[in-house]
Amino acid sequence: IFLQQHLSSIQKQKSAVLEGLQSYYESFIDVMEFRDNVYELLNTIDACQCFFDIAVNFDLTKNYLDLIVTYASVFYMLSRIDDKKAIVGLYNCAYEFSNGNSDPSFPRLGQMFIEYDHPWKKLSEEFGPHTKSVTGALLSLRMLYPRRNLSADQWRSAQLLSLLASPAAMLSPTCCDTMACEYLSTEVMERWILIGFLLCHSSLNTNADSQNLWKTALRSGLYLTVIRDEVLNIHKLSEDFFDGLKGYSKRIPDIKECKDYVITNCGALRREKRNFLRNALKELTKVLEDEPALLGPKALYVFMALSFSRDEVLWLVRHAENIPKTKTPEDYADSQLAELLYHMEKLRTLLAQHRYVIQRYHLQYLSQYDALVLNDIIQGMYVCPEEESVLMSSFVSTLSAMSLKHLDAGEEFDLKAFRLDWLRLQAYTSTGKAPLALKDYPDLAKVMNMAQFHTRMMDSVNELLCETADLSILCFHARVFEKLFSQSSEDVSMQRYLTAFPVICSHFSQCLHPLCPEETEEIENQSLKLCVSFLEEISRQTCTVVLEICAEQCNLHEKLLPKHSAETISTARNKKLKKSLPKKGDVPKEKPGTESLRKDRAIVTNLDKMHQALTELCASYSICADFTVFKHIIVPAEFLLSQLEIRLNKVIVQMANYNQSTHEIARPSDLLAGIQAYVTSLHSLSCYINIDVTRLVKNLTGLLFEISDFCSALIVHCPTTQCFVNQNTENEQSFHAEEYADICGLRSLAELIGPYGLKFLNENLMWHIISQVGELKKLVSDNMDVLVQMRANFENPDAMSDLQKKLTGCENVLKRMTIIGVILSFRSMVQEALGEVNVSIYCLKDLISPEGDIKVTLSVYEMASAAGLPCEIDPALVSAIANMQTDNSSIEDEFKITCLLLVFIAVSLPTLCLDPNSFYSRAQGGHQNNIHCLATAVNHIAAAMFTVQRKNTRIQLQEFLKVASSILLQLGQNVERMEIKNRDSIYVILHMIVEQSPFLSQDMLETCFPYVLLRNAYREVHKTFIHTMG
């Protein structure tokens, strides 16, 4: 019943099951067909009695051993799939429901799964008939593998990979009998040996050479790579396998002895090999960078170095993922691996940069040496069948036809056909009954193997690099890769090599396969994730050192600021006046510059250490300007620029020292001095690394200066000294306006924020002004009727006196206008400071006038204002007023309100006399309660509002002048009232309005206000000024 329920579920969803499992089922069929084809090929090879020798028919032997290992790996991985029987059974069931019969391949698939439940046992049975061929191929490694598997001391004594060991032979071409064997991976050979003897194990009991070769490979490590991150614990596997075979009990102690040897010695031996290779590759890289022409005769050295290094890196990664129980776990970690990886990448870069040098050398070698030697060998052959003769003749003709003209003309070479024909010739001449046996002509094999290497230098250097230096497998060992990077980054001496880690991520695209396109996105994301994380960490470390140097330089610069001279001056003055000297216990303060005085250059300061660290980190960026990871172009220097920009913004915010609770902030001049010290230090960064520091400095976010409430009664705008100052009070104040809003401070602010920062500042200021204008309009609306009558009767004192009593909010109007005036005065001071620190085109503004096209005028004024030039009409204020909400009122209504607002201001001026702070101070050039800022407010607000309403500003201000003059003249008739106390100071405001206005003149003022009154007013306010001598 249970089975029937599941079968009915499959029947209902048979289409979905077939669609979902089809790719898996077909993959299993591919494995079965692969097995059938390998069966057939191996049987054919045995029937032909093929001869395999890695030193003679290298390509044939290599492909044969690769086939065996790949075949064994496929069925080992097949056995690891736990659900394979369920997948195949479920698919066949759905197939049967759909087609009425089972899939034809299903019985054979089921049988294959059963047979390979124990893969190594089944594989060893299958390879029994092939033992002779496999063993022969493996034994051809008995001379090569031990020679390649030497210790670091043996390498060192042989001066392996050293071009300087024999200077006389430096220009001689590197030749040997087995060119391709020299850069053949030892990991590949170990895989051939250990898996090969696992499948064909009979010779281990009968052949001493087989046993020695097998033991040597077992002593090389604990794990073998099957595919990607899948590894075999070869000792455990071999021990379990031989334990179940009769007659192999003696091999168990051999395996245990080899395992103990690996655990005890192999880690240290491999560490010494990596140390040797680091120095050898460093020397090789330096020599080839200095003399790239040596890449021609010594190209083999480069590929040997890359292959040896790649083997050691991958051995470390394999074993670091599965560290055995040992007393020295540090042997499976390497904090200096970055240097080895770095030099590997440098060698790859050199091969790419000097491709023409390599091609030119080997082209001449092929046509002028290989072709001649090969022709001589062919001529000396006694037996040469027709087909083999045709192939060898084509070899000679192909090589002889190569010319430098083809290379200089930019032609691309393709010699794959040459190498394929050589492989074909190896197959023809390696069979048992071949009329021409290749083993009888070792010179032919030597020359052809050498010529094959030379042809690869012409057209397939990149493919050869994939064979010898590909580290794409690290993509599947991400945890170990990150751990190795972390260990290297903690070693100061390795910091200059760290960029090798992200560059290696560019190899990861090579682990893709066209038959598995679904992996592309996942591997791409993994590669980019690793690459970005490495670069961000390198950039973070570099950025930290840069900012520490900048901070140190900023501290040194801060000691030189003028504010610190007071203490020195005071000390010198006290010494001159013979006042009390400091006590003996007091330590004298160090003067700036003492940190540079050193008696011994061996003394290393903290700044020296930081510069050394910066040199090391910046050197890592020199490996390459950019590289590609899955079609993404990566520029390491951009990561550093991005990090610097983000962290510098945070540093500058911290330098501002803004306290949100007290609203205290650093002085702009101090902040600017600190930023300039940082910028100076940043410019020195270009001495270490080729980056655009100017762009970095320009992109720094401008910090806005926090404006305190200058409208407070305790802070006064002082036109004489062009700053804001604190009023003298009995209570001590922590905030001193003159330290922030003086000329020096405002120039520093302008230099800090620049035109764009000032534009942002203006927007904030305009928001405050517009809010005040909105309240003023409400006050005008509330007193509309009274103001209309006042506008019509301003020359009638009696009527004005009665209407004045009905008017409400006079003080409120003046207070709000004073606030606007103070804000506009501050803005004017900042703009003037901006004009002083920036180069401007002063004549541009003079070419237009307010009477012209107002749109053109405002556009020019906006440009001029951004440059810090004063304008008759404030474009920012015009824009802000134009954007105000008007509740759908017409332009005429707005115009009426604006005119009445000016009337309101004019008739309210007498109330200022009642304020005791309304007196004019000659020392400050203004009034104690900032009412002198009314002049700025009236002129700017009137000009902006009438510009928006397209009215004549001059006519309306003349009306204001008449009303204000009439009201103030009536004030002069009240001799006994309190209003006359500060009357003269109020008269001065009227003169300021005219003096600051581009629309009014003194002649206009004299027509409505006697000049004698102004003269007397100035004389009276100057009587109270006390002259003092400093």
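None of the values given here were measured: they were computed from a predicted structure.

**Description of the state of the cysteines**
Counting across every chain of the model gives zero disulfides. Here cysteine 466 stays free of any disulfide, with the sulfur of cysteine 511 as its closest cysteine sulfur at 11 Å.

**Concerning the confidence of the model for the chain**
Caution applies to low-pLDDT parts of the model: their predicted coordinates are not meant to be read in detail. Mean pLDDT over the chain works out to 86, with 92% of the residues at or above the 70 mark. Across the chain, helix H11 (residues 186-199) holds the top mean pLDDT of 96, while helix H1 (residues 2-12) sits lowest at 66. Overall, residues 701-713 carries pLDDT values under 50, and its contacts beyond four positions in sequence, including any with other chains, amount to 33 contacts.

**Thoughts on unusual backbone geometry**
Note on backbone geometry: most residues besides glycine have negative phi, and most peptide bonds are trans. Even without being a glycine, glutamine 159 presents a positive backbone phi close to 50 degrees. Take glutamine 159: it is sitting in the loop between helix H9 (152-157) and helix H10 (179-182). The backbone of lysine 631 sits at a positive phi, close to 70 degrees, despite the residue not being glycine. Of note, lysine 631 is situated in the loop between strand S3 (627-629) and strand S4 (632-634).

**Here we look at the packing of helix H3 (residues 58-79) against helix H21 (residues 416-428)**
One way to put it is that H3 packs onto H21 with a least axis distance of 8 Å and a crossing angle of 80 degrees. By the angle class used here, H3 and H21 are roughly perpendicular. Of the residues in H21, those in contact with Phe58, Asp59, Leu60 and Asn63 of H3 are Trp422, Leu423, Gln426 and Ala427. Taken together, the residues of the contact of H3 with H21 break down into five nonpolar, two polar and one charged.

**As for the pattern of salt bridges**
For the structure shown, the criterion picks out 38 salt bridges. One salt bridge connects arginine 147 with glutamate 182, and the closest N-O pair in it is separated by 3.2 Å. Pair noted here: arginine 147 is in helix H8 (residues 144-148) and glutamate 182 is in helix H10, with a separation of 35 residues, a long-range link. Its salt-bridge partner being lysine 416, residue aspartate 414 comes within 3.8 Å of it at the nearest N-O pair.

Calculation rules
Residues numbered from 1 in each chain as written. Predicted model: local features only at pLDDT ≥ 70, side-chain atom pairs only at ≥ 80, totals over all residues. Heavy atoms only, no water. Disulfide = S-S within 2.5 Å. pLDDT = per-residue confidence, 0-100. Helix = DSSP H or I, 4+ residues; strand = E, 2+ residues; numbered from the N terminus. Contact = heavy atoms within 4.5 Å. Axes fitted to C-alpha atoms, helices over the stretch in contact; angles between N-to-C directions. Parallel < 35°, antiparallel > 145°, perpendicular 65-115°, else oblique. Nonpolar A, V, L, I, M, F, W, Y, C, P; charged D, E, K, R; others polar. Salt bridge = Lys/Arg side-chain N within 4 Å of Asp/Glu carboxyl O.

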